Amino acid sequence: MKQDAPLTALGEWRRHGLLPIAAGIGYSTMAIQTYGIGPFVAPLEQTFGWSRSEVMLGLTISNTIGVLLNFAVGVLADRVGPRRVALGGVVVKAGAIAMLATATGTMLNWSLLWLLVAFGAVLAQANVWASAVASRFDKGRGLALAVTLSGSSFCAAIVPVLATWLIGAYGWRLALAGVAGIWLLVALPVVFLFFHGRQDEDRQARKTRPAEAEAPAALAVLPGVTIGEGLRMRAFWQLMVAAFAFAFYTMSIAPNLVPLMSEKGQTALVAAQLAALMGIVGIVARISAGFLLDHFSATILGTVVFTLPVIGCGLMLVDVPGYLVLALAVASFGITIGAEYDVVFYLVSRHFGLKSFASLMGALLTSGALGGATAPFIAGRLHDSSGGYDQMLMVLMVLMGAGAVAIATMGRPKHDWSLGH
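Throughout, a residue's number is its position along its own chain's written sequence, starting from 1. Totals for whole chains, interfaces and linings use all residues, but because this is a predicted model, local features are given only for residues with pLDDT of at least 70 and pairs of side-chain atoms are given and counted only at 80 or more. Derived side-chain values reflect all non-hydrogen atoms in the structure, with water molecules and hydrogen atoms excluded from consideration.

Quick word on the packing of aromatic side chains
When two rings of Phe, Tyr or Trp (its six-membered ring) have centres within 6.5 Å they constitute a pair, described as stacked for plane angles under 30 degrees, edge-to-face for angles over 60, and tilted for the intermediate range. Evaluated as defined, the whole model comprises 14 aromatic pairs. Ring geometry for F48 against W50: centres 4.7 Å apart, planes inclined by 35 degrees, an arrangement best described as tilted. Each member of the pair, F48 as well as W50, carries the same accessibility label: buried. Note on F345 and F357: the rings are 6.1 Å apart at their centroids and 55 degrees apart in plane angle, and the pair reads as tilted. Placement of the pair is F345 in helix α18 (residues 323-352) and F357 in helix α19 (residues 357-386), with a sequence separation of twelve residues. Throughout, exposure labels follow a simple rule: accessible area from a 1.4 Å probe, protein chains only, divided by the maximum for the residue type, with under 20% read as buried, over 50% as exposed, and the rest as partly exposed. On the basis of relative accessible area, F345 is assigned to the buried category, the value being 0%. Since its relative accessible area comes to 1%, F357 is described here as buried. Under the scheme used here, helices are H or I runs from DSSP no shorter than 4 residues and strands are E runs no shorter than 2 residues, and both carry numbers assigned from the N terminus.

Concerning helix α11 (residues 172-194)
Here the expected span of a helix is defined as 1.5 Å times the quantity of residues minus one. Helix length check: α11 (23 residues) gives 33 Å between terminal C-alpha atoms against 33 Å at 1.5 Å per residue, within 8%. Throughout, a residue-residue contact means that at least one pair of heavy atoms, one from each residue, lies within 4.5 Å. For α11, the secondary structure elements touched by its buried residues are α2 (18-27), α3 (32-36), α4 (41-48), α7 (82-99), α9 (126-136) and α10 (141-170).

A short note on the side chain of N256
Position of N256 among the secondary structure elements: in the loop between α14 (234-253) and α15 (257-263). With relative accessibility at 1%, the residue N256 sits in the buried group. One polar contact links N256 to Y389, side chain to side chain, over a distance of 3.1 Å. Residues contacting N256, with those up to four places away along its chain left out, are R52, M56, M251, A379, Y389 and M392. Any pair of N or O atoms that falls within 3.5 Å is considered a polar contact. Within protein, one atom must be able to donate a hydrogen and the other to accept it, and sequence-neighbouring residues count only if both atoms are side-chain atoms.

Structural notes on the pattern of salt bridges
Whenever a carboxyl oxygen of Asp or Glu lies within 4 Å of a side-chain nitrogen of Lys or Arg, that contact is scored as a salt bridge. For the structure shown, the criterion picks out two salt bridges. Ionic pairing is found between D138 and R141, a salt bridge with its closest N-O pair at 3.7 Å. The residue D138 makes a salt bridge to R350 at a minimum N-O spacing of 3.0 Å. On the criterion of sequence distance, the pair formed by D138 in the loop between α9 and α10 and R350 in helix α18 is long-range, its members being 212 residues apart. Grouping residues by exposure puts D138 and R350 together as buried. Here the salt bridges share partners, and the residues they tie into one network are D138, R141 and R350.

Some remarks on the packing of α14 against helix α20 (residues 390-408)
Orientation is described by lines fitted to C-alpha atoms, with helices fitted over the stretch in contact, and by angles between N-to-C directions that extend from 0 to 180 degrees. Viewed as axis vectors pointing N to C, α14 and α20 meet at an angle of 155 degrees, and their least axial separation amounts to 8 Å. As summarised for this structure, α14 and α20 are arranged roughly antiparallel, according to the angle between their axes. You can see that α14 and α20 cross each other, and the crossing is left-handed. When α14 is examined against α20, the residues Q238, L239, V241, A242, F244, A245, F246, F248, Y249, S252 and I253 are found in contact with a partner set consisting of M392, L393, V395, L396, L399, M400, A402, G403, A406 and I407. Under the grouping applied here, Gly and all other residues not named as nonpolar or charged are polar, the nonpolar ones being Ala, Val, Leu, Ile, Met, Phe, Trp, Tyr, Cys and Pro and the charged ones Asp, Glu, Lys and Arg. Looking at side-chain class alone, the contact of α14 with α20 contains 18 nonpolar, three polar and no charged residues. An angle counts as roughly parallel when it lies under 35 degrees, as roughly antiparallel when it exceeds 145, as roughly perpendicular when it falls between 65 and 115, and as oblique in every other case. We call a crossing left-handed when the near helix sits turned anticlockwise from the far one by less than a right angle, and right-handed when that turn is clockwise.

Brief notes about a nonpolar patch on the surface
Like-charged residues are merged into a patch within 9 Å and nonpolar side chains (Val, Leu, Ile, Met, Phe, Trp, Tyr) within 5 Å, provided each residue has over 30% relative accessible area and no salt bridge. Method for areas: the Shrake-Rupley scheme with a 1.4 Å probe, in which residue coverage is limited to the protein chains shown. On the surface, L18, I21, F192, L193 and F194 cluster together to form a nonpolar patch covering roughly 500 Å² of accessible area. Elements with a contribution of two residues or more to the nonpolar patch: α2 and α11. By the secondary structure assignment, I21 is in helix α2. I21 sits in the partly exposed class, given a relative accessible area of 43%.

The values reported here are purely geometric and, on their own, carry no functional implication.
Okay, here's the thing in structure tokens:
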């Protein structure tokens, strides 16, 4: 077997340091729909006379498609390599976001446009990027995954302000096309040049071998359980609970944060700045969590990360929260949204190994997509029926508490799935 993985974390970074950065930039395209929709809520309501739940219907559709296809895309990435899937995801996702600018105001048209977004989203989902990075990093895997997944926080820090500025200057239609175009121009060249996983390298190498030498699959070089073995492990189902809770939380908070801040008395620009604060905190939290995962217990860190939103939602329930209280709440959201995926992806790689990493992670993302599919609609309905977001915040406190318990009771991995050197 080819000795590909360096012995130390520093060696891994010297050899493959551009890969997590490229993966993070590519993954940021996935997050546009989550963190970019908030500034467009009010313009869409004003243009078409839609309710909040009707605006958020697109996110529900996108996440519903994720429920159906996330697992299949994970299997595809394990079979053909993550590079092919990722390149398709960047192109399709950016193009679909731009197509939202053609909305006519009918629910059928809006739904069909979001179907295109959904297909791009499943191709650019996190497990595609993370599977390539995990295949190159072992000793420094926590930090490498953190850099990869910080793409969503990078998006959260930039898109709300960028979209708000573009809307004010050019209107919401050109703003959608502008955001999509900027992301495509930045992400596609970087992914094309620097995103290569070990699976992709093995697939290319097999093309040069005689047909009789092709029996071992690309998966054979990576340690870990099969899909069926992973599905039978208790830790997998505990992570399913946590994934559902986190996705429901994220898809309730992220797209509603700007209008939520506005209802708490902040101007549109200040609301966008607070939303950007969540992204900035998320980036710091993600990188910090990645470093900590390489040195401390992922179970303890995950329990803390899932508990923070309970405190943040409680702060939001104050009758008239001041700017400082809102900033602290948003910071707690940023820490969790920044660090949670680090923990889950790291736990999956250590509990189940890398042989079926993208597939099993795809199954967890399916659970997350189910939470994400129901969250925007439920959050919108709770807002429309109560006239505010307090009920939504209370639901999120319960769900994230359940996720914290699921992570806290996982226990240690049963096997050491470290990469061979």
